[in-house]
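Results of the structural survey
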Amino acid sequence: MTFQLPATTNRTVAVLGGGVLGRRIACSWAASGFDVAVFDPDSEQRIATVHYCQANAVQFSDVKQRGSVEAFQDVQDAVSRAWLVIEAIPERLALKISTFQQLEVMAPKDAILATNSSSFKSREMVSDLQPSTKQRVLNMHYYMPPRNRVVELMTDGNTDKTIFPFLQRKLGETGMRAYVARKESTGLIFNRLWAAIKREILTILAEGVSVPEEIDELWQQIWVENVSGPVAMMDAVGLDTVSFIEQHYIAERQLSDLPVRYLQQYIDEGKLGAKSSKGGLLPAGKTTKTSAKLRGDHDNLHAPLLYFLDIGLRAPDIQDAFSSGRILTGASDGRAMRVLVDHQRTPDGLAVSLAVGKLFWTSMGVPAENDGAVLSANLDGSDVQEIVPRGHVHTPKQICIDHESKTLYFCDREGLRVMRCGFDGSGLETIIRTGRWKEDVDAVEDQTNWCVGIAVDLAQRNFYWTQKGPSKGNMGRILRASLDMPAGQTCDSRSDIEVLFRGLPEPVDLELDPAERVLYWTDRGEHPVGNSINSASLSGIQPVRAENSVPGVHYKILARNFHEAIGIKLDTRNRHIYATDLGGSVYRFDLNGGDRQRFYEEQGAFTGLTLAFV
């Protein structure tokens with residue numbers, strides 16, 4: 001049967017798998033004007049894939065006409081109009097074989113069917129397929145775009161020869177350079193070279209000749225154009241994946257299993273690499289850098305996308321100061337910020353749920369007018385809605401999410417309360433009230449009653465909040481109570497409230513590392529103790545009585561000298577702290593406050609901050 005190349009007009013490129021590489025493959029096509037359909041069984045992965053493509057298209061291509069990206073739960077829906085299907089599912093041969101059997105039935109009969117695998121030959125996946133199907137199957141292995149724009153193509157032994165120049169042209173339209181293996185080879189071309197390098201490095205480590213950090217340093221000294229060391233590249237891919245690939249080489253080529261045995265001790269401890277909070281061959285966070293040179297590099301595969309708020313107070317026209325707020329997105333590679341939502345009324349707190357594909361934020365409005373609100377939008381900034389309408393909350397500040405129960409928690413500053421509601425605003429409830437703002441002017445004017453920052457500890461069924469006190473007044477407190485209201489009590493009469501810290505300059509936003517039981521907060525108070533990022537262990541902590549909390553005794557000052565520090569967010573995977581200040585800067589630190597990096601500055605007046613792995 002003669003093979004005919006597929007028509008591409010009004011058809012899609014289908015990508016099976018929305019993981020780290022799958023979403024990048026999808027983005028490489030969509031950014032260059034091709035419509036893309038992605039299959040992934042996990043709803044959060046589907047949302048993250050679409051959002052990744054929307055947020056990162058500019059990193060892949062500068063064409064004006066982008067293609068669409070749609071994610072599907074069903075393979076049939078994803079491939080129904082495809083002229084090209086690229087399988088990017090986990091490296092398990094049985095799973096790939098069954099996938100191609102599905103594609104033979106479900107995909108259009110002229111669609112080219114490609115596997116992204118480099119460790120398995122496509123021949124191994126097609127033995128039970130019809131001869132006409134084998135003609136349109138091949139390996140199509142990507143090397144992590146956008147920075148690396150190389151693709152390798154390889155026959156399954158029966159692939160029609162016209163497919164290769166056709167795909168080279170199409171890949172060229174996406175800015176990719178395609179190389180064709182002259183014959184079938186496990187690992188194709190580059191990965192055979194890379195396999196030898198990985199194997200020898202792991203043997204060096206197993207024999208105790210060197211250590212991971214020095215191998216990477218030596219590599220980078222010699223190969224100065226390569227920003228990632230080989231150990232960091234293995235960590236970025238994942239040590240479990242490296243081991244799986246090496247096992248395939250060992251079985252095929254009768255190689256020593258020493259490298260795999262060496263890796264297994266890391267895998268057994270949960271040290272899988274950059275995707276693990278325990279790290280891998282290198283410590284956690286070691287592969288995530290802040291540098292514009294690293295866009296798309298292995299160093300930043302597991303870096304989060306950042307979302308932060310510009311409160312709008314630096315608007316050129318002072319009359320617009322209370323309606324010029326923005327939601328921005330960026331990353332620690334320093335890429336240009338994008339505006340997702342604008343014309344907001346003094347936004348302050350920000351949170352994201354990939355599970356439902358929503359951003360949530362608070363709007364303080366004009367504090368004297370009791371016209372605060374809580375809003376939501378899709379991850380691309382569309383469909384903005386007031387879920388807690390204006391006036392139902394006074395001056396809402398930091399917001400955080402209980403993802404399990406789909407509940408939002410937020411503080412209401414001049415409203416003198418802590419509140420919660422559902423993702424749609426339903427069930428709005430006050431869980432702490434420090435005074436009645438409608439009835440007691442003195443209570444409102446006493447800023448020690450103002451509730452500002454909040455963090456939720458689901459494991460311990462507690463929440464924490466700040467009452468900041470007057471500006472730079474050294475009267476701030478951090479308090480704790482149960483998520484479950486004590487029986488027979490109300491938000492006005494709770495007996496379970498504990499004051500954990502007092503006498504702080506002006507504590508603002510809170511973050512919690514639940515695994516390590518450490519609380520972090522920003523403080524916008526006066527130097528030298530204020531304008532800082534702070535932390536304290538919660539293990540064995542007891543409520544304070546009359547004495548003030550002392551830095552260096554009751555808590556640690558991790559970093560200082562901000563321009564009114566506000567937002568804070570932990571990246572527990574990479575062991576980083578992100579923070580913002582009203583001076584318009586976004587920072588990143590190690591969890592101990594070291595390795596200070598600033599990658600945005602003087603571009604607004606920044607408040608709330610959150611992040612997502614997309």
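Predicted model only: the values in this text are computed from it and were never measured.

Okay, the packing of helix 7 (residues 190-206) against helix 9 (residues 230-237) next. The N-to-C vectors of helix 7 and helix 9 enclose an angle of 105°; their axes lie 10 Å apart at closest approach. If you check the angle between helix 7 and helix 9, you find them roughly perpendicular. Contact residues: Trp-194, Ile-197, Lys-198, Ile-201 and Leu-202 in helix 7; Pro-230, Val-231, Met-233 and Met-234 in helix 9. Grouping the amino acids of the contact of helix 7 with helix 9 by side-chain chemistry returns eight nonpolar, no polar and one charged.

Let us now look at the domain arrangement of the chain. Taken as a whole, the chain is organised into domain 1 (12-181), domain 2 (191-301) and domain 3 (305-612). Here domain 1 and domain 2 have C-alpha centroids that lie 26 Å from each other.

What follows is about the sheet that holds strand 28 (residues 565-571). The four strands lie next to each other as 28-29-30-31, forming an open sheet whose pairing is antiparallel. Whereas interior strands pair on both sides, the edge strands pair on one side only; in this sheet they are strand 28 and strand 31 (597-600). Taken over all neighbouring pairs, the strand axes of this sheet differ in orientation by 25° on average, direction set aside. Of the strand pairs in this sheet, strand 29 (residues 576-581) and strand 30 (residues 586-590) are connected by five bridges, and their pairing is antiparallel. Within the sheet, the bridge partner assigned to Ile-577 lies in strand 30 and is Phe-589.

Okay, a negative patch on the surface next. Together, Glu-439, Asp-440, Asp-442, Glu-445 and Asp-446 give the surface a local cluster of negative charge. One can find Glu-439 in the loop between strand 19 (429-433) and helix 12 (441-445). The class of Glu-439 is exposed, set by a relative accessible area of 64%.

A separate point is the side chain of Arg-46. Residue placement: Arg-46 occurs in helix 2 (residues 43-60). A polar contact of 3.2 Å, which involves the side chain of Arg-46, links it to the backbone oxygen of Pro-41. When residues no more than four places from it in sequence are discounted, the contact partners of Arg-46 are Asp-40, Pro-41, Ala-71, Phe-72 and Gln-73.

Summarising burial for strand 22 (residues 476-482): six of the seven residues are buried, a large majority. Pairing between strand 21 (residues 462-467) and strand 22: six bridges, direction antiparallel. Within the sheet, the bridge partner assigned to Asn-462 lies in strand 22 and is Ser-482. Pairing geometry for strand 22 and strand 23 (residues 498-504), over four bridges, is antiparallel.

Our next topic: the nonpolar core. With 59 residues, the main nonpolar core has Trp-29, Leu-84, Met-140, Tyr-142 and Leu-167 as its most contacted residues. Those residues in contact with Leu-84 that sit more than four places away from it in its chain are Thr-12, Val-13, Ala-14, Trp-29, Ile-112, Ala-114, Met-140 and Leu-167.

It is worth spelling out unusual backbone geometry at this point. The peptide bond linking Pro-145 to Pro-146 adopts the cis configuration, its omega dihedral lying at 15°. For Pro-146, the position within the fold is in the loop between strand 6 (137-142) and strand 7 (150-155). Here His-527 and Pro-528 are connected by a cis peptide whose omega angle stands at 5°. Locating Pro-528 in the fold gives a position in the loop between strand 25 (518-523) and strand 26 (532-537). Non-glycine residue Gln-254 carries a positive phi angle of around 55°. Among the structural elements, Gln-254 can be located in the loop between helix 10 (239-253) and helix 11 (258-268). A positive phi angle is found at Thr-346, which is not glycine, with a value near 40°. As for its position among the elements, Thr-346 is in the loop between strand 11 (338-344) and strand 12 (347-353). Here Thr-346 falls in the buried class, since its relative accessible area comes to 2%.

Below, the discussion takes up the pairing of strand 4 (residues 82-87). In terms of burial, strand 4 is a largely internal element, six of the six residues being buried. As judged from the five bridges shared by strand 1 (residues 12-16) and strand 4, these two strands associate in the parallel manner. Across the sheet, residue Val-13 finds its bridge partner in strand 4, namely Leu-84. Relative to strand 5 (residues 112-115), strand 4 runs parallel, the two sharing four bridges. Paired with Val-85 across the bridge in strand 5 is Leu-113.

Our focus in this paragraph is the sheet that holds strand 14 (residues 372-378). In spatial order, the strands read 12-13-14-15; together these four strands make up an open sheet with antiparallel pairing. A strand with exactly one partner marks an edge of an open sheet, and here the two such strands are strand 12 and strand 15 (385-393). Put simply, the sheet's adjacent strands are angled 15° from each other on average, direction ignored. The pairing of strand 13 (residues 358-363) with strand 14 spans six bridges and is antiparallel. The residue of strand 14 that forms the bridge with Thr-362 is Val-374.

So, on to helix 8 (residues 212-222). Among the residues making up helix 8, those that are buried are Pro-212, Ile-215 and Asp-216. Buried residues of helix 8, seen end-on, are gathered within an arc of 95° and therefore sit on one face of the element. Looking at helix 8, the residues exposed on the side facing more than 90 degrees away from the buried face are Glu-214, Leu-218, Gln-221 and Ile-222. Each element contacted by the buried residues of helix 8 is listed here: helix 7 and helix 9.

Conventions we followed
Within any chain, residue numbers begin from 1 and follow the written order of that chain's sequence. Whole-chain, interface and lining totals are the exception, using all residues; otherwise, since this is a predicted model, local features are given only for residues with pLDDT of at least 70 and side-chain atom pairs are given and counted only at 80 or more. Hydrogens and waters are ignored; side-chain quantities use all the structure's heavy atoms. Between N-to-C directions, angles cover 0 to 180 degrees, with each direction set by a line fitted to C-alpha atoms, over the stretch in contact for helices. The numbering of helices and of strands both runs from the N terminus, where a helix is a DSSP run of H or I of at least 4 residues and a strand a run of E of at least 2. We call two directions roughly parallel when the angle between them is under 35 degrees, roughly antiparallel when it is over 145, roughly perpendicular when it lies between 65 and 115, and oblique otherwise. By the convention used here, residues are in contact when the closest approach between their heavy atoms is within 4.5 Å. Just so you know the grouping, Ala, Val, Leu, Ile, Met, Phe, Trp, Tyr, Cys and Pro go in nonpolar, Asp, Glu, Lys and Arg go in charged, and all remaining residues, Gly too, go in polar. Where a domain begins and ends is set by an automatic assignment or by a domain database. Strand pairing follows a simple DSSP-based rule, namely that at least 2 bridges must link the two strands. Exposure above 30% relative accessible area and no salt bridge define the residues that can form patches, which grow by joining like charges within 9 Å and nonpolar side chains of Val, Leu, Ile, Met, Phe, Trp and Tyr within 5 Å. Exposure was quantified through the Shrake-Rupley algorithm and a 1.4 Å probe, taking into account, for residues, occlusion by the shown protein chains and nothing else. Salt bridges are counted wherever a side-chain nitrogen of Lys or Arg sits within 4 Å of a carboxyl oxygen of Asp or Glu. Note on charges: Lys and Arg go in the positive column, Asp and Glu in the negative column, and His and the chain ends are not counted at all. To locate a charge, take atom NZ for lysine, CZ for arginine, CG for aspartate or CD for glutamate. Exposure is judged per residue with a 1.4 Å probe applied to protein chains only, and the accessible area is read against the type maximum: over 50% gives exposed, under 20% gives buried, and values in between give partly exposed. Nitrogen and oxygen atoms within 3.5 Å of one another constitute a polar contact, given that in protein one can donate a hydrogen and the other can accept it, and given that sequence-neighbouring residues count only through two side-chain atoms. What is meant by a nonpolar core is a set of buried Ala, Val, Leu, Ile, Met, Phe, Trp, Tyr and Cys residues, joined one to another through side-chain atoms within 4.5 Å. It is the directions from the helix axis to the C-beta atoms that the arc portrays.

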